[in-house]
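# Descriptive structure summary
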Amino acid sequence: MATVRMENLRKTFDSGRLVAVDDLTLSVDDGEFLTVVGPSGCGKSTTLRMIAGLERPTSGSVIIGDKDVTDQHARKRDVAMVFQNYALYPHKTVMGNMEFGLRMSTDLSKEERRERVRETAEMMDIEGLLEDKPSELSGGQKQRVALGRAIVREPDVFLFDEPLSNLDAKLRTTMRTEIQRLQDELDITAIYVTHDQEEAMTMGDKIAILDDGELQQTGRPTEVYNDPANEFVGGFVGSPSMNVLDAVVDTTETGAVLRGTNADFTYDLGTRASDALEGVEEVRMGVRPEDIRVADDGRGITTTVDVMEPIGSDNYLYLDIGPEFIARVDSGITPSVGGTIDITFDESDVHVFDTRTGESLT
Ligand code: ATP
């Protein structure tokens, strides 16, 4: 069983002054694809390197299957890692690169090794490149070879450290699909680090969001999108980012009303969240650009359109309601810039966060 468990993992640098990963507990099931996402410096690579055995945890443990591998050397762990910069041996051919890992980790004969490389190369569509050197390959081909080199070893766990970052946008999408296809076909356990939330959301069975060395939330991509645990996750997942405004809570007989403090609006939440908001005075109200509609019954929030940005399928409307407040509407909706519109959104699409802690209250 290729499960991976991280238990209270902690890693500090600089004699303890820099906490790169703080008390991280997280598990990946057999055959599950976990994406780990967060801003630059949040501790993603350090986490992956601890699982690979390339970095020693300050405390905590890494368990693969039922074995505690925390003190085990990287080479002894049955994991394969794919890096952003491919990390191919420049003087070896593609065949040599792919065969090398097998030579180190198995006792197959040379002919058996070569046969296994050829089978994998076929699956990866790189059989025509086997005699080439890395310098003769394009970025996309190099990454296919790096992937093939990992796959041919049939490891228990695959670790990916931003493997697609050096590729152009189109190739990135192709490779994303390719990795998902391989994962489905081979039923591998994978941990995939990226700073790209869209990549994390589309590829992961499960997504883990880190900030400042700490796990913010883990769950299925839809769970994290629909029910962000805090304002950081709400803002990090989804594009364009969730709009967030400061508000005070007025509790009425029929529930709670949010009233903007740095923006001119009131929003009646009704009975939703009235229990959770009892006694709370100040909150941050979040609403996603794609959950906003233009109201035609005159009952929405009236605001001015500052900028309209067409992106093809939709229009982004930058609204005067607050700083960087964006509505993503259908491309058929083209209000005049400088004019006013009324906007509305469903109560169920309103996220309310604690102003002090950032925690979700709804
Ligand atoms: P990025 O997306 O930019 O690669 P990341 O989320 O992968 O960032 P890490 O590379 O894990 O982040 O780094 C986490 C923190 O630990 C950063 O502040 C980084 O500067 C620090 N750090 C990482 N490795 C070392 C090291 N060997 N020595 C000192 N500090 C380190």
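Quantities reported herein were computed from a predicted structural model and do not represent experimental measurements.

### Some points on the UniProt feature "domain: ABC transporter" (unreviewed entry) in the protein chain
In this structure's numbering, the residues bearing the UniProt feature "domain: ABC transporter" (unreviewed entry) are residues 4-237. Annotated as 37% helix and 26% strand, the span residues 4-237 places its first and last C-alpha atoms 25 Å apart.

### A look at the domain arrangement of the protein chain
Each assigned domain of the protein chain is listed here: domain 1 (4-236) and domain 2 (243-354). On the domain 2 side, the residues contacting the 5 residues of domain 1 number 5 residues. Its residues assigned to classes, the side of domain 1 that touches domain 2 comprises 1 nonpolar, 3 polar and 1 charged.

### Concerning the site of the ligand
Around the ligand there are 13 residues in total, and F13, A20, S40, S45 and T46 lie nearest to it. Mapped by element, the contributors of at least two residues to the shell around the ligand are β2 (18-28) and α1 (44-52). With 3 residues, α1 is the largest single contributor of residues to the shell around the ligand. Of the residues belonging to the shell around the ligand, the class tally is 4 nonpolar, 7 polar and 2 charged.

### With respect to the sheet that holds strand β15 (residues 293-294)
With antiparallel pairing, the 5 strands of this open sheet are ordered in space as β15-β19-β16-β17-β18. Taken across any chain shown, the strands that pair with only one partner, and hence form the sheet edges, are β15 and β18 (325-330). With 6 bridges connecting them, strand β17 (residues 314-319) and β18 associate as antiparallel partners. Paired with N315 across the two strands is V329, which belongs to β18.

### Description of the sheet that holds strand β6 (residues 79-83)
One open sheet holds the 6 strands; their spatial order is β6-β7-β8-β3-β9-β10, and the pairing between them is mixed. What marks the edges here is a single partner per strand, and that holds for β6 and β10 (214-219). Along the sheet, successive strands turn relative to each other by an average axial angle of 15°, direction set aside. Of the pairings in the sheet, the one linking strand β9 (residues 206-211) to β10 comprises 5 bridges and is antiparallel in character. Each residue of the ladder has a partner; that of D211, found in β10, is E214.

### Some details on the nonpolar core
Counting residues in hydrophobic clusters, the biggest one holds 62 residues, and the most contacted among them are L159 and I191. It is helix α4 (residues 139-152) that contributes the most residues to this core, 6 residues altogether. Core analysis: the second largest hydrophobic core is formed by 26 residues, M242, A273, V305 and F325 among them.

### A short note on the confidence of the model for the protein chain
Caution applies to low-pLDDT regions: their predicted coordinates should not be interpreted in detail. Residues at a pLDDT of 70 or more form 100% of the protein chain, whose mean pLDDT is 92. This complex was scored by the predictor with a pTM of 0.92 and an ipTM of 0.97.

### Details of unusual backbone geometry
S239 connects to P240 through a cis peptide bond whose omega is -5°. The backbone of D125 sits at a positive phi, close to 65°, despite the residue not being glycine. Mapped onto the secondary structure, D125 falls in the loop between α3 (110-123) and α4. Residues other than glycine seldom take positive phi values, yet E154 does so here, at roughly 50°. Residue placement: E154 occurs in the loop between α4 and β7 (157-161). Judged by the 15 C-beta atoms lying within 10 Å of it, E154 falls in the partly exposed class.

### Overview of the environment of T251
Here T251 lies in strand β11 (residues 243-252). Residue T251 is classed as partly exposed on the basis of its C-beta count, with 14 C-beta atoms lying within 10 Å. Linking T251 and G270, residues 19 residues apart in sequence, is a C-alpha distance of 9.7 Å. T251 has contacts with A256, S274 and E278, leaving out every residue within four places of it along the chain.

Reading the values: the criteria
- Residues numbered from 1 in each chain as written.
- Predicted model: local features only at pLDDT ≥ 70, side-chain atom pairs only at ≥ 80, totals over all residues.
- UniProt positions renumbered as here; feature names shortened; annotations may be inferred.
- Helix = DSSP H or I, 4+ residues; strand = E, 2+ residues; numbered from the N terminus.
- Domains from an automatic or database assignment.
- Contact = placed C-beta atoms within 7 Å.
- Nonpolar A, V, L, I, M, F, W, Y, C, P; charged D, E, K, R; others polar.
- Near = placed C-beta within 6 Å.
- Pairing = 2+ DSSP bridges.
- Axes fitted to C-alpha atoms, helices over the stretch in contact; angles between N-to-C directions.
- Core = buried A, V, L, I, M, F, W, Y, C linked by C-beta atoms within 7 Å.
- Buried ≥ 20, exposed ≤ 12 C-beta atoms within 10 Å, placed from the backbone.
- pLDDT = per-residue confidence, 0-100.

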